Every structure is written in C-alpha cells, then in structure tokens.
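Chain residues, written in single-letter form:
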Amino acid sequence: MRVVTDRQEMAQLCREARRPLGLVPTMGALHRGHLALVEQARRESATLAATIFVNPAQFGPQEDLAGYPRDLEHDLELLKSAGVDLVYVPAVEQVYPPGFDTWVEVGRLASRLEGARRPGHFRGVATVVTKLLSLTRPDRAYFGQKDAQQTRVIKQLVRDLDLGVEVVVAPTVREPDGLALSSRNAYLTTEQRRAAPVVYRALCRAEQLWQRGEREGGRLRREVRMALQSERLVEEIDYVSVADAATLEELDRVAGPALVSLAVKLGAPHLIDNITLE
Ligand code: PAF
C-alpha cells in the first residue's frame, strides 16, 4: 500500500492506475462501516484508493475540529489489511493552498436538515469531495447511507458538474443493538451509549407504522418524536423528517420511496440516522 501526501504525486498515480479505479473518501477514525465500504470497493475495483483528510471546511465554528478523533497509524493498518492500494493523506495546505478561494455550493438539497442544522457544512463537503474526485478521477466513489443527505448532495454535484464518476452508496452498518456506526460514537459516555439505540428504535417505529399502512407524514414524524422523547438522555431533537427520498422535500403523504431521518443531541454529540421506506 502506498501512502501519498503530495497532490501531484497522487494525481499521477491515479492517472497510471489500472482501471476501474475505486475511491473511498474518509476523515479517518475508521470503523466497520468504513471497512464495509472498502471491502465492497475492493471487489469492484482493479485499483483501490482511499483518502484520509479531516476537512476543516465542513466543521462549523462551534464544532470541535481539533477534538475530532484521529488515529492515523491504526487507520493505515486497517486500510492495508483491507487491500487498499493507495492512500492519500494530505495536509490542509495540499487541499487548501494559500489563496484558495473557490467553493462548491449545492442548492436546495443542501439547505435542509443537516444543512439547516450546520450552516456551511455541505459547502465544505461539496468542495472537498469535488476536489478529491477531480484529483483522482475514479470510476466509482463510495459513500455510506448513514449520511443520507451527504450522498444526495454528492450525486447532485457529480451530475451538475459533469464529473463522470459513479457514486455508490453502501448500507449503514449497525451495532447489534441498532446503533449506526459513526466515528462520533467515540464521544458517548457509557450511559449515553446505553441510551443511544433509542435513535434506531424510533426509526423502526415509523417503519412498523408504515408497514401497517400508515402513510401520513405528520403522524409518522409525531410517532418518531414520541419514541425519542421516551429516553430521558435525549436532550434535544434537532429534526425528524419524512421526506421524498430523492428531493428531500417533506411529505404530507408517503406515496413513493421516503427517507425518514433525524438528528438528536444525546450528551455532547449529535447523533444522526435514517431509514428508507420503499
Ligand atoms: O463522510 C465523510 O467522512 C466526509 O464528509 C467526506 C465525504 C470524507 C468529506 O470530507
């Protein structure tokens, strides 16, 4: 496995790589969710590249960029054992050199849900993903369904900017009790970790009702909120959404595929999760 820190060297290695080239962009602190993406990408690629870059542009002023979990050595070991060929680990100046002043702003899709809760977040994600895709020019890029809105935003920018890469979305990986894997789970105290499966239970409540024929968006949202409120450690519900799975517009009635998503504050971290009804 080759570890590359220089952007020109990375671009050249990718130009010379055997095709298809797969790319798994990450911010490190890798867990089984990332490894599932890497395993799928490995099966589907002749050359497999990954990136590890904690992107400052997607953190808001109140968000803990400095405290974001980092363990580069361990991450590199995991990627090596998973059969990755190339890992790009740029310093911030490689991605945002002095004078950098071009940003990628996705419109409506990026303004809602996580976009409303974290202003500027998707501008940072869209910009870094566009840069990583332009640099490496992969055939396929892999992202997790856990960040459902992020995957929609990335598909939109790939289409709008003619980036010519297939965006592959892999299913969320969960702990046995339902908690979706996330690098941010590392922030949970023992007590918060015990309470955290309420997030998935609340989503499953919507699914149960939908399976029994409930189609009213308002009722589904209310029931998810009630399930969340049953856990006293849930300090704040940022949003509960039942939206069109493609446009992320809130639905009065669920008639086609719908994304049920939510964000809650459970102690220090905000947890996000989603399921699709289809
Ligand atoms: O999902 C992530 O880890 C990040 O948002 C991404 C896509 C690597 C961009 O920094």
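To be clear, the structure that these remarks concern was listed above.
Please read all numbers here as calculations on a predicted model, not as lab measurements.

Caption draft 1: Just the site of the ligand, in detail. Neighbouring residues of the ligand: Pro25, Thr26, Met27, Asn55, Gln58, Val128, Phe143, Asp147 and Gln150. Within the side chain of Gln58, a nitrogen or oxygen atom sits 2.7 Å from an oxygen atom of the ligand. Contact with the protein chains removes 88% of the 280 Å² of surface that the ligand exposes when unbound. Each residue belonging to the shell around the ligand can be placed in one class, and the counts come to four nonpolar, four polar and one charged.

Caption draft 2: Main features of helix α7 (residues 121-136). For α7, which comprises 16 residues, the first-to-last C-alpha distance of 23 Å matches the rise-based estimate of 22 Å (1.5 Å per residue) to within 8%. Taking burial as the measure, the 16 residues of α7 include twelve buried ones, the bulk of the element. Of all the positions in α7, only His121, Phe122, Gly124, Val125, Ala126, Thr127, Val128, Val129, Thr130, Leu132, Leu133 and Thr136 are classed as buried.

Caption draft 3: Representation of the side chain of Thr151 within the structure. In this structure, Thr151 sits in helix α8 (residues 148-160). In contact with Thr151, not counting residues within four places along its chain, are Phe143, Gly144, Gln145 and Val169.

Caption draft 4: Representation of the pattern of salt bridges within the structure. Per the stated rule, a full pass over the model turns up 19 salt bridges. Between Arg117 and Glu114 there is a salt bridge, with the nearest N and O atoms lying 2.8 Å from each other. Of this pair, Arg117 and Glu114 both sit in helix α6 (residues 114-117), three residues apart, which is roughly one turn of the helix. You can call Arg117 partly exposed: its relative accessible area is 25%. For Glu114, a relative accessible area of 5% corresponds to the buried category.

Caption draft 5: Quick look at the sheet that holds strand β9 (residues 270-277). Read across the open sheet, the three strands follow the order β7-β8-β9; overall the sheet is antiparallel. A single partner strand is all that each edge strand has here, and the edge strands are β7 (234-244) and β9. Sheet twist, expressed as the mean angle between neighbouring strand axes with direction ignored, is 15°. Bridging between strand β8 (residues 258-266) and β9 involves eight bridges; their strand directions are antiparallel. Bridge pairing in β9 places Lys265 opposite His270. The sheet contacts of helix α11 (residues 217-229) involve β7, β8 and β9, and relative to β7 the element is tilted by about 155°.

Scoring rules and cut-offs
Residues numbered from 1 in each chain as written. Predicted model: local features only at pLDDT ≥ 70, side-chain atom pairs only at ≥ 80, totals over all residues. Heavy atoms only, no water. Near = heavy atom within 4 Å. Polar contact = N/O pair within 3.5 Å; in protein donor to acceptor, adjacent residues only side chain to side chain. Areas by Shrake-Rupley, 256 points an atom, 1.4 Å probe, with all protein chains shown as cover. Nonpolar A, V, L, I, M, F, W, Y, C, P; charged D, E, K, R; others polar. Helix = DSSP H or I, 4+ residues; strand = E, 2+ residues; numbered from the N terminus. Expected span 1.5 Å × (residues − 1). Buried < 20%, exposed > 50% of the residue type's maximum accessible area, 1.4 Å probe, protein only. Contact = heavy atoms within 4.5 Å. Salt bridge = Lys/Arg side-chain N within 4 Å of Asp/Glu carboxyl O. Pairing = 2+ DSSP bridges. Axes fitted to C-alpha atoms, helices over the stretch in contact; angles between N-to-C directions.

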